[in-house]
Structure formats: C-alpha cells, structure tokens
Amino acid sequence: METIQLDDFLSDGIIKEQEFRNQVKTINWESFKDKQVMIKGCASVPVPTWAYLIISAKLSNYAKKIYFGEPCAAIQIYSKN
C-alpha cells in the first residue's frame with residue numbers, strides 16, 4: 001500500500017493553499033495507478049479539510065482504492081470498480 005503523508009506538504013510549518021496546490025501539480029499521479037493508497041490521517045499540524053479533498057480527487061483518477069487514517073484502523077473512502 002502506498003502512503004501519502006500530509007506533513008510532506010508543510011510550508012513554514014503549516015499547509016498553505018497556494019503552495020499546497022503547486023506541490024500537488026508536481027506529483028506523478030500515474031505512479032498510483034491501480035494501487036491502494038492511504039492518506040495518512042495524523043499530521044504534526046492541523047490539516048484543512050480542503051487538503052484531503054484535493055488529494056482524494058486527484059487520486060480517484062488513478063488509485064484502485066483510497067483509505068484514510070492509520071494502517072491499523074484505515075477507513076476506505078473510495079473504490080474503483
């Protein structure tokens with residue numbers, strides 16, 4: 001399972017929308033094709049809801065399944081049929 005950690009998107013210790021969107025544009029989403037992907041729920045700072053939505057929307061075009069949370073208690077939020 002692949003994991004996306006939102007701590008990787010921090011800019012000056014917080015998630016700033018414009019910088020976040022710029023980073024999202026640089027991700028090779030094709031690398032998640034037909035894979036199960038975990039959006040890690042814990043971050044060192046509060047994460048805005050829009051950040052999860054943007055990542056989920058991008059992943060839904062490629063990933064087979066998307067999960068949210070921690071590996072021990074993951075919640076499936078998307079499944080491609």
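Engineer: What is the right way to read the pairing of strand E2 (residues 36–40) from this model?
Structural biologist: Working note: regular strand, side chains alternate between the two faces of the sheet. With 3 bridges joining them, strand E1 (residues 2–4) and E2 adopt parallel strand pairing. When the bridges of E2 are listed, Glu2 appears paired with Val37. Taken together, E1, helix H1 (residues 17–26) and E2 constitute a β-α-β crossover, and its handedness is right-handed. Summarising the sheet, E2 and strand E3 (residues 65–69) pair through 5 bridges and their orientation is parallel. Across the sheet, the residue bridging to Val37 is Ile66, located in E3. Remark: the E2/helix H2 (residues 49–59)/E3 crossover connection has right-handed handedness.

Engineer: Where do I start with the pattern of salt bridges in this structure?
Structural biologist: When charged atoms on two side chains of opposite charge get close, those side chains can pair. All told, the structure shown has 4 salt bridges when counted by the stated rule. The shortest N-O distance in the salt bridge between Glu2 and Lys35 comes to 3.7 Å. Here the residue Glu2 occupies a position in strand E1, and Lys35 occupies one in the loop between H1 and E2, the gap between them amounting to 33 residues. For Glu2, a relative accessible area of 33% translates into the label partly exposed.

Conventions and cut-offs
Residues numbered from 1 in each chain as written. Predicted model: local features only at pLDDT ≥ 70, side-chain atom pairs only at ≥ 80, totals over all residues. Heavy atoms only, no water. Pairing = 2+ DSSP bridges. Helix = DSSP H or I, 4+ residues; strand = E, 2+ residues; numbered from the N terminus. Right-handed = clockwise from strand over helix to strand, strands pointing away. Salt bridge = Lys/Arg side-chain N within 4 Å of Asp/Glu carboxyl O. Buried < 20%, exposed > 50% of the residue type's maximum accessible area, 1.4 Å probe, protein only.

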